[in-house]
Amino acid sequence: MPRWNAQDKQVYRTEVIRRINAAMPLVMQEYASINWVEELKGYHTDHEYYPDYIHAPIHGVTDAYTNPQSCLAWDAAMDAIIPLSHNVSCQQLREKMAELIPEDTSLETVLELGAGTGDGALALARRFPQSTFRITDVSPYMLVISKHKFNKVGFSERALFEQVDARHTGYPDNSFALVTSSLLLHETPKEWIPKILKEMYRITKPGGWVLYTDTYRGEYALNASFQEPWLDDFIHFNFEYEFAKAGFTELNYIRYAVGLWYMVGRKLVVCQGNFAK
Ligand SMILES: C[S@@+](CC[C@H](N)C(=O)[O-])C[C@H]1O[C@@H](n2cnc3c(N)ncnc32)[C@H](O)[C@@H]1O
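A. Summary view of the sheet that holds strand β7 (residues 260-266). In space, the seven strands of this open sheet follow the order β3-β2-β1-β4-β5-β7-β6, with mixed pairing throughout. In this open sheet, the two edge strands, each paired with only one partner strand, are β3 (159-163) and β6 (249-256). On average, each strand axis in the sheet is inclined to that of its neighbour by 15°, with strand direction left out of account. The sheet contact formed by strand β1 (residues 109-113) and strand β4 (residues 176-182) spans four bridges and is parallel. Looking at the pairing, Val110 lines up with Leu178 of β4.

This is the structure:
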């Protein structure tokens, strides 16, 4: 893998920012119809609600997920970053992830944690037309944007948009046929990572699935070009081990494109019964 030097990183940052700025007029047009006051009703917008760590300068921005402008720029950022960093489009990342769950799987309810603007859930919603969705995030602005997208493609009846902290979701045990998330854990302090995986396991139904994707493993992390406050911790996790330790089985770790990886696994059905003679 080519190692980027300081100049490569600067060129990359400049190009990402140029692409985001170029995309923003269309983004603002797309979301101009949102009545934010109305849409934010029922969600927390106070800074005390958010996890402390979210106020750190993620990508150099202190209010990355607690400010509507930054959230509106998220898709433009992903559309710039994913192809420039990983040589695939953002759409390919989402579609390929959804394809890791066999098409004939019956997924009654899918939960996405830290869903951002909902593109991962949208790819799953297209692949599994019978499924309903809980789209969750701590950022109310991300939820409003996701909802707008689901409305636009006529999927709004199939989804709820809930402000939920992935560290302690409050959902009952064994609730969801699939629990999914993407790019959440590299932005999470290390003490929470095993806890979030345990929480994902707790709320997955026996026989259900876990599906995750992230970046920055191994030497690819050396190419990180924007500020990532918890990357030094993240790169030391062995995720095959952590997902297994949380309880998941049949784990399949898949390298995808440059620096991207998927994890897919199951929660076993526990056989109840007296096996003693
Ligand atoms: C890097 S973004 C990824 C967004 C989306 N999953 C994607 O792939 O584009 C991280 C997202 O996780 C959310 N987040 C961070 N900590 C969270 C937590 N404890 N619980 C739920 N969401 C969280 C942020 O608000 C943000 O939307």
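B. Inspection of the site of the ligand at higher detail. With respect to spatial proximity, 20 residues lie near the ligand, and among them Arg94, Gly114, Asp137, Ala166 and Ser182 are the closest. One nitrogen or oxygen atom from the side chain of Trp74 is found 2.9 Å from an oxygen atom belonging to the ligand. Take Val138: an N or O atom from its main chain is 3.4 Å from a nitrogen atom of the ligand. Starting from 590 Å² of accessible surface for the ligand in isolation, the protein chains cover 99%. When grouped by side-chain class, the residues that make up the shell around the ligand number twelve nonpolar, four polar and four charged.

C. Molecular detail of the pattern of salt bridges. Summed over the entire model, instances satisfying the criterion amount to 15 salt bridges. Close ionic contact of Arg167 with Asp165 constitutes a salt bridge, the shortest N to O distance being 2.7 Å. Among the residues examined, Asp165 registers a relative accessible area of 10% and is labelled buried. Residues joined in a network through salt bridges with shared partners are Glu15, Arg18 and Arg19.

D. Local environment of the side chain of Thr180. By the secondary structure assignment, Thr180 is in strand β4. With sequence-adjacent residues up to four places away left out, Thr180 is seen in contact with Met97, Val110, Leu111, Glu112, Leu113, Leu124 and Leu211.

E. Spotlight on the state of the cysteines. Counted according to the given criterion, the structure contains zero disulfides. No disulfide involves Cys71; its sulfur sits 15 Å from the nearest other cysteine sulfur, which is in Cys90. By relative accessible area, Cys71 is classed as buried at 1%. Residue Cys90 is classed as buried on the basis of its relative accessible area of 6%.

F. Up close: the side chain of Arg167. Looking at the secondary structure, you find Arg167 in the loop between β3 and β4. Assessed through its relative accessible area of 15%, Arg167 is described here as buried. Of note is the side chain of Arg167, whose polar atom sits 2.7 Å from the side chain of Asp165. The contacts of Arg167, once residues within four sequence positions are left out, are Pro51, Tyr53, Trp192, Ile196 and Glu199.

G. Expanded view of helix α8 (residues 193-203). Ile193, Ile196, Leu197, Glu199, Met200 and Ile203 are the residues of α8 that are buried. Taken down its axis, α8 places every buried residue within 155° of arc, on the same side. Against β1, β4, β5 (204-214), α9 (231-234) and α10 (239-246) lie the buried residues of α8.

H. Representation of the environment of Pro68 in the model. In this fold, Pro68 is placed in helix α3 (residues 68-72). Sequence separation between Pro68 and Pro2 is 66 residues; the distance between their C-alpha atoms is 36 Å. Apart from residues lying up to four places away in sequence, Pro68 is in contact with Trp36 and Tyr141.

Conventions and cut-offs
- Residues numbered from 1 in each chain as written.
- Predicted model: local features only at pLDDT ≥ 70, side-chain atom pairs only at ≥ 80, totals over all residues.
- Heavy atoms only, no water.
- Pairing = 2+ DSSP bridges.
- Helix = DSSP H or I, 4+ residues; strand = E, 2+ residues; numbered from the N terminus.
- Axes fitted to C-alpha atoms, helices over the stretch in contact; angles between N-to-C directions.
- Near = heavy atom within 4 Å.
- Polar contact = N/O pair within 3.5 Å; in protein donor to acceptor, adjacent residues only side chain to side chain.
- Areas by Shrake-Rupley, 256 points an atom, 1.4 Å probe, with all protein chains shown as cover.
- Nonpolar A, V, L, I, M, F, W, Y, C, P; charged D, E, K, R; others polar.
- Salt bridge = Lys/Arg side-chain N within 4 Å of Asp/Glu carboxyl O.
- Buried < 20%, exposed > 50% of the residue type's maximum accessible area, 1.4 Å probe, protein only.
- Contact = heavy atoms within 4.5 Å.
- Disulfide = S-S within 2.5 Å.
- Arc of directions from axis to C-beta.

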